[in-house]
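As a plain string of letters, each chain reads:
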Amino acid sequence: VTIETLKRILEAFNSHNLDASMAFFAEDCVLEMPRGPHPWGDRYEGKARVREGLASRIAGLPDVHYGDDRHWVSGDLGVSEWTLTGTKPDGERIEVRGCDHFTFRADKVIAKNSFWKIIER
């Protein structure tokens, strides 16, 4: 796992190309989204379900973009910190600081856990 790997993952997410994004994930991967009915958000298990979860992010924020990023790695763990921006289908703009915690097995993501700051207005 390298910082370059994390940067390439972020580039794939920003391209909105699900095939490119999913190429980084193992078959038995897990995705935990920042929102959902549980303390861990929505959880997707297995590559097909993770693809659904990532597709829901694009559907909910069609112009989603992760920028102002920085990354670090320790062993099989990687962290990407970023500012997510995007527009919901109803026109509401989102801008939030967050991060992804990744766990790797060899060169594949086996877990991606996303966190967002909560904005109060």
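Each chain has its residues counted from 1, running along the sequence as written. For this predicted model, a pLDDT threshold of at least 70 governs which residues receive local features, and a threshold of 80 or more governs which side-chain atom pairs are given and counted, while totals over whole chains, interfaces and linings are taken from all residues. Excluded from the side-chain calculation are hydrogens and water; included are all heavy atoms of the structure.

Asks: Tell me about the nonpolar core, and name the residues and values.
Replies: Joining through side-chain atoms within 4.5 Å is the link that ties buried Ala, Val, Leu, Ile, Met, Phe, Trp, Tyr and Cys residues into a set, and such a set is a nonpolar core. Buried residues are those whose accessible area, probed at 1.4 Å on protein chains only, stays under 20% of the maximum for their type, while exposed residues exceed 50% and partly exposed ones sit between those limits. Counting residues in each nonpolar core, the largest one holds 26 residues, and the members touching the most others are I9, F25, V50, L54, Y66, L84 and V109. Going through the elements one at a time, α1 (3-15), α2 (18-22), β1 (25-32), α3 (47-60), β4 (77-87), β5 (93-105) and β6 (108-116) are the ones with two or more residues in this core. Top element by residues in this core is α1. It accounts for five residues. Two residues qualify as a contact provided that any one of their heavy atoms is within 4.5 Å of a heavy atom in the partner residue. Residues in contact with V109, not counting those within four places in the same chain, are I9, F24, F25, A26, C29, F102, T103 and F104. The secondary structure listing takes helices from DSSP runs of H or I that are at least 4 residues long and strands from runs of E that are at least 2 residues long, numbered from the N terminus.

Asks: I'd like to hear about unusual backbone geometry, residue by residue, with values.
Replies: Even without being glycine, H16 reaches a positive phi, approximately 60°. Non-glycine residue D68 carries a positive phi angle of around 50°. With respect to the element layout, D68 can be found in strand β3 (residues 65-74).

Asks: Quick one: what's the story with the environment of A26, residue by residue and with numbers?
Replies: Assignment of secondary structure puts A26 in strand β1. Setting aside residues no more than four positions away along its own chain, A26 makes contact with K47, R105, K108, V109 and I110.

Asks: An account of the pattern of salt bridges is needed here, citing residue identities and associated values.
Replies: Working definition: two side chains of opposite charge can pair if their charged atoms are close together. Each salt bridge in this description consists of a side-chain nitrogen of Lys or Arg and a carboxyl oxygen of Asp or Glu lying within 4 Å of one another. Considering all chains together, one arrives at 11 salt bridges under this definition. The salt bridge involving K88 is made with E92; its shortest N-O contact spans 3.3 Å. On the basis of relative accessible area, K88 is assigned to the partly exposed category, the value being 26%. For D100, the salt bridge is made with K112, and the minimal N-O distance between the two is 3.1 Å. A residue pair is termed long-range when its members are at least 10 positions apart, and D100 in strand β5 and K112 in strand β6 qualify at 12 residues. The same class applies to D100 and to K112, which are both buried. Connected through shared salt-bridge partners, D68, R70, E81 and R97 make up one network.

Asks: So, the side chain of H71: which residues are in play, and what are the values?
Replies: Within the fold, H71 resides in strand β3. Here D69 takes part through its side chain, which lies 2.7 Å from a polar atom of the side chain of H71. Polar contacts, as counted here, are pairs of nitrogen or oxygen atoms within 3.5 Å of one another; within protein the pair requires one atom able to donate a hydrogen and one able to accept it, and residues that are adjacent in sequence qualify only if both atoms are side-chain atoms. A distance of 2.7 Å separates polar atoms of two side chains, one belonging to H71 and the other to S80. Among residues more than four places away in sequence, those in contact with H71 are I3, L6, K7, L10, V79 and S80.

Asks: Account for the packing of aromatic side chains, with residues named and values stated.
Replies: Here is the rule: rings of Phe, Tyr and Trp (six-membered ring for Trp) pair when centre to centre is within 6.5 Å. Planes less than 30 degrees apart are stacked, more than 60 are edge-to-face, and the remainder are tilted. Scanning the model with the defined rule gives three aromatic pairs in all. Note on F13 and Y66: the rings are 6.1 Å apart at their centroids and 50° apart in plane angle, and the pair reads as tilted. With F13 in helix α1 and Y66 in strand β3, this residue pair connects regions lying 53 residues apart in the sequence. The pair F13 / Y66 is uniform in exposure class, with both members buried. Consider the rings of Y66 and W82, whose centres lie 5.0 Å apart with planes at 80°: the pair is edge-to-face.

Asks: Can you lay out the environment of R43 for me, pointing to particular residues and giving the numbers?
Replies: For R43, the location among the structural elements is in strand β2 (residues 43-45). Separated by 21 residues in sequence, R43 and M22 place their C-alpha atoms 16 Å apart. Contact partners of R43, with chain neighbours within four places excluded, come to V30, L31, E32 and R49. Side-chain polar atoms of R43 contact the side chain of E32, separated by 2.7 Å.

Distances and angles like these do not, on their own, reveal function.
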